[in-house]
Structures are given as C-alpha cells and as structure tokens.
Amino acid sequence: MDVNVVNHPLVATRLSVLRDKETGDPEFRSTLDELTSLLVYEASRDLPVRVGEIHTPVSPAEGYQLDSPPLLVPVLRAGLGMADAARRLIPESTMGFVGLARDEETFEPRAYMESLPEDLSGSRAIVLDPMVATGGSLLHSCRLLADRGCEDIMIVCVLAAPEGIDRLAESGLPLTMVTASVDDGLNENAYIVPGLGDAGDRLFGAIRRF
Ligand SMILES: O=P(O)(O)OC[C@H]1O[C@H](OP(=O)(O)OP(=O)(O)O)[C@H](O)[C@@H]1O
Ligand SMILES: O=c1cc[nH]c(=O)[nH]1
Ligand SMILES: [Mg+2]
C-alpha cells in the first residue's frame, strides 16, 4: 500500500495543535478542519481531469473539470470532523457515510450505520477518519466500498499506527493512504502513541455507547 506522509511545515504545526492536550475542543475542531484541507489537497493531486474550451473575458482558453469526482466517506463519528473541509475542497464530490464505534475491550469495530451507493463499479472513494490504530475500523469501511465495486480507495487520516498500516496493506484491497504522521505504535489500550487521544471525544464529547 502506498503511504504518503505529508511533510510540510503547515501540516506539522497544525498536527502539533491537535496533539497538545491543552488544546480545547473548539480549537481542536477548527484545526482538524484546516489540516484536512491540506491533506485532501495532497490526496486529490492525481484526480483525473477533463479538458475543454472555456472563454475568459478576453479570449478562448483551456478549461478543466474533474472527471468522475470521488465519493467522500467520513467514518462517524470522528471522520465527520473532516467532512466539511473535504467537501469544500471537492464540491463536485458526493458523500456517503459509515458509522462505527470501536469496542474498547476487543478493539473490534461495531457497525451502527451505513449509507453508501449500492453500485460503486469503477469508481474512486476518499475515506476520511483522523485515526488508524489497529486498522479494524478502516478495514471494515474499505471492505464495504470494495464489495460495491470501488476500485480505488484513498484513506485520508491524521495519524496512522504501523500496526494499522500493516493490516490494511495485507488486506489486498485497492488502498492508498495520505497521512500527517505515522506514529510509533499502539499502547495496551490500542491507542496511538504519542497520538492525540480520542479524536471522537475531543470533537464531540465523551459518551458511553455500550
Ligand atoms: O483503527 P482502529 O483500532 O479501528 O481505531 C480507529 C477508530 O477509532 C476511532 O473511532 P471510535 O471507534 O472511537 O469512534 P468515534 O469516532 O465515534 O469516537 C477512530 O476515529 C477510528 O474510527
Ligand atoms: O488513539 C486512538 C485510537 C483509536 N481511536 C482514537 O480516537 N484514538
Ligand atoms: Mg472515539
């Protein structure tokens, strides 16, 4: 699996704000929004374009449109914190949703929602989730897309653990990844180290679900 770790001063500074435990929830939300714009800019670099003629006020010129814009798929909850920025950057996109909550004893994802097009034959998708820890949640999400025929799945995340990357790479699914950092690994609670804590809780508050 191709993993693009975006090496850029603006990415590094925003990631540091997200990592800092002193960063409050409103700043966490706005900084994740900014960082997502930078990551999606990178992720969309190779999207195919169609060339046609447009007219400036002065003369004809070459114009470009995205050819088959991607399906954006935020993984609830935390991926919702990336959804607005991604859609702002690619307004031609459509959006589907997957809802998962990791069982904090087994570390396996529990699915509670999916809203995706039935047929994704030949299409591409950009999956949004700030955290790839064990990789279980992203594996589940990407399988849903591949089972519908999606042939090109790009994961855009903020942090990925090597364990999660290995699991995704071994899946045989058509995946690539854009991330701000590959961190050291997982602790005994399967949290990313050094990480940034629980992204969903920092965006939306801690709630007990099961
Ligand atoms: O790689 P994994 O080990 O599966 O862990 C990563 C998942 O955990 C977090 O979501 P969580 O389950 O906490 O749900 P939330 O976004 O609603 O908080 C995160 O946003 C990922 O979806
Ligand atoms: O470090 C982690 C691991 C899973 N989910 C998170 O939000 N953070
Ligand atoms: Mg969470």
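Residues numbered from 1 in each chain as written. Chains lettered and ligands numbered in written order. Predicted model: local features only at pLDDT ≥ 70, side-chain atom pairs only at ≥ 80, totals over all residues. Heavy atoms only, no water.

1. Re the site of ligand 2
What surrounds ligand 2 is the set R102, M131, A133, A190, Y191, I192, G197, D198 and A199. I192 places a polar main-chain atom, nitrogen or oxygen, 2.8 Å from an oxygen atom of ligand 2. One of the backbone N or O atoms of G197 is found 2.8 Å from a nitrogen atom in ligand 2. Here ligand 2 has 240 Å² of accessible area as a free molecule, and 88% of this is covered by the chains. The pocket occupied by ligand 2, as judged from atoms lying within 2 Å of grid points, is the largest pocket. A per-class count over the shell around ligand 2 returns six nonpolar, one polar and two charged. (Near = heavy atom within 4 Å. Polar contact = N/O pair within 3.5 Å; in protein donor to acceptor, adjacent residues only side chain to side chain. Areas by Shrake-Rupley, 256 points an atom, 1.4 Å probe, with all protein chains shown as cover. 1 Å grid on protein atoms, 1.4 Å probe; cavity = no way out; pocket = protein on both sides within 12 Å on 5 of 7 lines; lining within 4 Å. Sits in = over half its atoms within 2 Å of the grid points. Nonpolar A, V, L, I, M, F, W, Y, C, P; charged D, E, K, R; others polar.)

2. Describing the packing of aromatic side chains
Aromatic rings considered in pairs are described by the distance between their centres and by the relative angle of their planes. This structure, assessed with the given rule, holds zero aromatic pairs. When the ring centre of Y191 is taken as reference, the NZ or CZ atom of R102 above it lies at 5.6 Å. (Phe/Tyr/Trp six-rings, centres within 6.5 Å; stacked < 30°, edge-to-face > 60°. Lys NZ or Arg CZ within 6 Å of the ring centre and 35° of its normal.)

3. Some remarks on unusual backbone geometry
In this structure, the amide linkage connecting L76 to the following residue, R77, adopts the cis form with an omega of -5°. Tracing the sequence through the fold places R77 in the loop between β4 (71-76) and α3 (80-89). Residues V193 and P194 are joined by a peptide bond in cis, for which omega reads 0°. Here P194 lies in the loop between β13 (192-193) and α6 (199-204). (Helix = DSSP H or I, 4+ residues; strand = E, 2+ residues; numbered from the N terminus.)

4. Observations regarding the site of ligand 1
Taken together, 16 residues surround ligand 1, and among them R102, D129, T134, S137 and R209 come closest. R77 has a polar side-chain atom sitting 2.8 Å from an oxygen atom of ligand 1. Protein burial of ligand 1: of its 500 Å² of free accessible surface, 96% is covered by the chains. Because more than half of its atoms lie within 2 Å of the grid, ligand 1 is assigned to the largest pocket. Elements with a minimum of two residues in the shell around ligand 1: β6 (97-102), β9 (131-132) and α4 (136-147). Of all the elements, β6 adds the most residues to the shell around ligand 1, at three residues. Of the residues in the shell around ligand 1, the class split is six nonpolar, five polar and five charged.

5. Observations concerning the packing of helix α1 (residues 9-19) against helix α2 (residues 25-43)
Across the interface, α1 lies against α2 with an axial gap of 9 Å and an inter-helix angle of 155°. In terms of their interaxial angle, α1 and α2 are classed as roughly antiparallel. As for the relative orientation of α1 and α2, their crossing is left-handed in sense. Of the residues in α2, those touching α1 at L10, V11, R14, L15, V17 and L18 are E27, F28, T31, L32, E34, L35 and L38. Considering only residue class, the contact of α1 with α2 consists of nine nonpolar, one polar and three charged. (Axes fitted to C-alpha atoms, helices over the stretch in contact; angles between N-to-C directions. Parallel < 35°, antiparallel > 145°, perpendicular 65-115°, else oblique. Left-handed = near helix turned anticlockwise from the far one by under 90°. Contact = heavy atoms within 4.5 Å.)

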